[in-house]
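Here are the chains, one letter per residue:
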There are 2 protein chains.
Amino acid sequence: METNETKVVPGPGSTLADVEHLLDMPLQQAMMTQRAVRRVHPDPVDDAIILRLIELAMKAPTGSNSQSWEFVVVKDRAVKEKLQKRYRQAWSLYGSVGRRIAGGDEKMLRLMNAVKWQVDNFADIPVLIVACLRTTPRSGHLPYVPLPHIATTSFYGSIYPSVQNLLLAARAVNLGASLITLPLWSVTSARSILGIPLTVTPVCIVPIGWARGRYGPTTRRPVGEVVHLDQYGNRPWQGVSSAR
Amino acid sequence: METNETKVVPGPGSTLADVEHLLDMPLQQAMMTQRAVRRVHPDPVDDAIILRLIELAMKAPTGSNSQSWEFVVVKDRAVKEKLQKRYRQAWSLYGSVGRRIAGGDEKMLRLMNAVKWQVDNFADIPVLIVACLRTTPRSGHLPYVPLPHIATTSFYGSIYPSVQNLLLAARAVNLGASLITLPLWSVTSARSILGIPLTVTPVCIVPIGWARGRYGPTTRRPVGEVVHLDQYGNRPWQGVSSAR
């Protein structure tokens, strides 16, 4: 109360005013240090920060500028426990298959342990953001046209760019975040838990809380391995490990 | 040649060295001024810039860290013309339906005129980046598990976050870019044009060139209208037009 100094490391208790300037993180730094940060503190997160992150998410493009997104912010423990139950069911299937496949792959086992932590502590994560899309067009917007591949890819292309904005903005302010879909394996059940009507589809969940895990550099395949020129399989930049 | 000064406005002729520092644009500025910039110059774009944008795209998350993306960079005019033909076919269907629906909506008509420009000039756009996903798991990664909603949403959730990184990075360096799917309406045809095997699915295209159109602020629905608390339909922040 004596000073107006901005907190250096944002965490439990930080307000939007404390962290707003962190959203000015250099774009490439945010991208190059984005990780799935699943281990988070149970402390509440300022609603204004969550709204600001969603506001930035909504700056992403949507097909025909439809802006058909809806975001359900879950803070109620009873609702989180119901989603946790579904998450645990899907994880018991994926997890056991995954462990067998992963074998001795240490990186994969680390990932799976982090997911296990998330499953076990799901109801303690302060905020779950469920990203949804309306499936009925708004008036004045393009209706369904019977080109199935286009319909499907355009649908998801109208929500995941916003989810990536949400993840990058969370990274910038040091809120742990990740992208998960397993708790939504039964759409019927997810709709019933969240009161979502049939005209809206829950697409993924971003669990958010003040980071216990750390953001930092990630490793990827060399860019030249995944870039093809004009024809698939023609990879003139193979051997180029970095564009810089 | 006399000076090493950085060009103030990047455009035709700019190299990666000229624009690299622009990738440090403040994160929220990049998001808040991202638009679909469809009108671009026909001049070539430095390959190194394209590779750097894709490298940043590859920093996005993927399901189970599968990194199953492949990017086909199309610069060959003959290939672009084949994709243009498919784009025109889909547009003749969508465009006529769309114009009828749009009625007098000026914003929608502006969008449609920009798409029309893109269709007509598709072969002159210097670079088309076709974002693809392999559908077969790499060894050590999770196989298909029979939860159809999860499988579909996780699939697209493993490519569109990277596409959003690509779009944000393009915006930062003033390369016009947009997200389109119409030229891919026939997956069979797209595979044949690009030599893509059956184990890989083309998901969307990002046409790229030096911007003729301008990036700038966008308008969106107020955040309080699309955010629900705990149950869909419970909107305590309705009336909040901005989080700040």
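First, a word on scope: everything that follows refers to the structure included in this document.

Cut-offs applied
Residues numbered from 1 in each chain as written. Chains lettered and ligands numbered in written order. Predicted model: local features only at pLDDT ≥ 70, side-chain atom pairs only at ≥ 80, totals over all residues. Heavy atoms only, no water. Contact = heavy atoms within 4.5 Å. Buried area = accessible area lost by both parts, 1.4 Å probe. Salt bridge = Lys/Arg side-chain N within 4 Å of Asp/Glu carboxyl O. Polar contact = N/O pair within 3.5 Å; in protein donor to acceptor, adjacent residues only side chain to side chain. Nonpolar A, V, L, I, M, F, W, Y, C, P; charged D, E, K, R; others polar. Pairing = 2+ DSSP bridges. Helix = DSSP H or I, 4+ residues; strand = E, 2+ residues; numbered from the N terminus. Least-squares fit on C-alpha atoms with pLDDT ≥ 70 in both.

### Side note on the interface of chain A and chain B
No. 1: In this assembly, 102 residues from chain A lie in contact with 102 residues from chain B.
No. 2: Here chain A and chain B share an interface that buries about 9,300 Å² over both sides, 63% of which is from carbon and sulfur atoms.
No. 3: The largest share of the area that chain A buries against chain B comes from Lys59(A), Arg220(A) and Tyr232(A), three residues that together contribute 9% of it.
No. 4: At the surface where chain A touches chain B, the tally comes to 2 salt bridges.
No. 5: Between Glu70(B) and Arg221(A) there is a salt bridge, with the nearest N and O atoms lying 3.9 Å from each other.
No. 6: The tally of links from chain A across to chain B stands at 48 residue pairs in polar contact (both at pLDDT 80 or more).
No. 7: Of the residues that constitute the side of chain A that touches chain B, the class distribution is 61 nonpolar, 24 polar and 17 charged.
No. 8: Sheet analysis places strand 1 (residues 69-74) of chain A next to strand 5 (residues 227-229) of chain B, joined by 3 bridges and oriented parallel. Its bridge partner lying in strand 5 of chain B, Phe71(A) is registered against Val227(B).

### Some thoughts on unusual backbone geometry
No. 1: For Asn174(A), which is not glycine, the phi dihedral falls at a positive 70°.
No. 2: In this structure, Asn174(A) sits in the loop between helix 7 (160-172) and strand 3 (175-177).

### A short note on the relation of the copies chain A and chain B
The two chain copies are connected by a rotation around an axis plus a translation along it.
No. 1: Rotating chain A by 180° and translating it 0.0 Å along the rotation axis places it on chain B, where the RMSD comes to 0.0 Å. The superposition of one copy onto the other is thereby described by a two-fold rotation axis.
No. 2: A high fraction, 100%, of the interface residues of chain A reappear at the interface in chain B, so the copies pair face to face through one surface.

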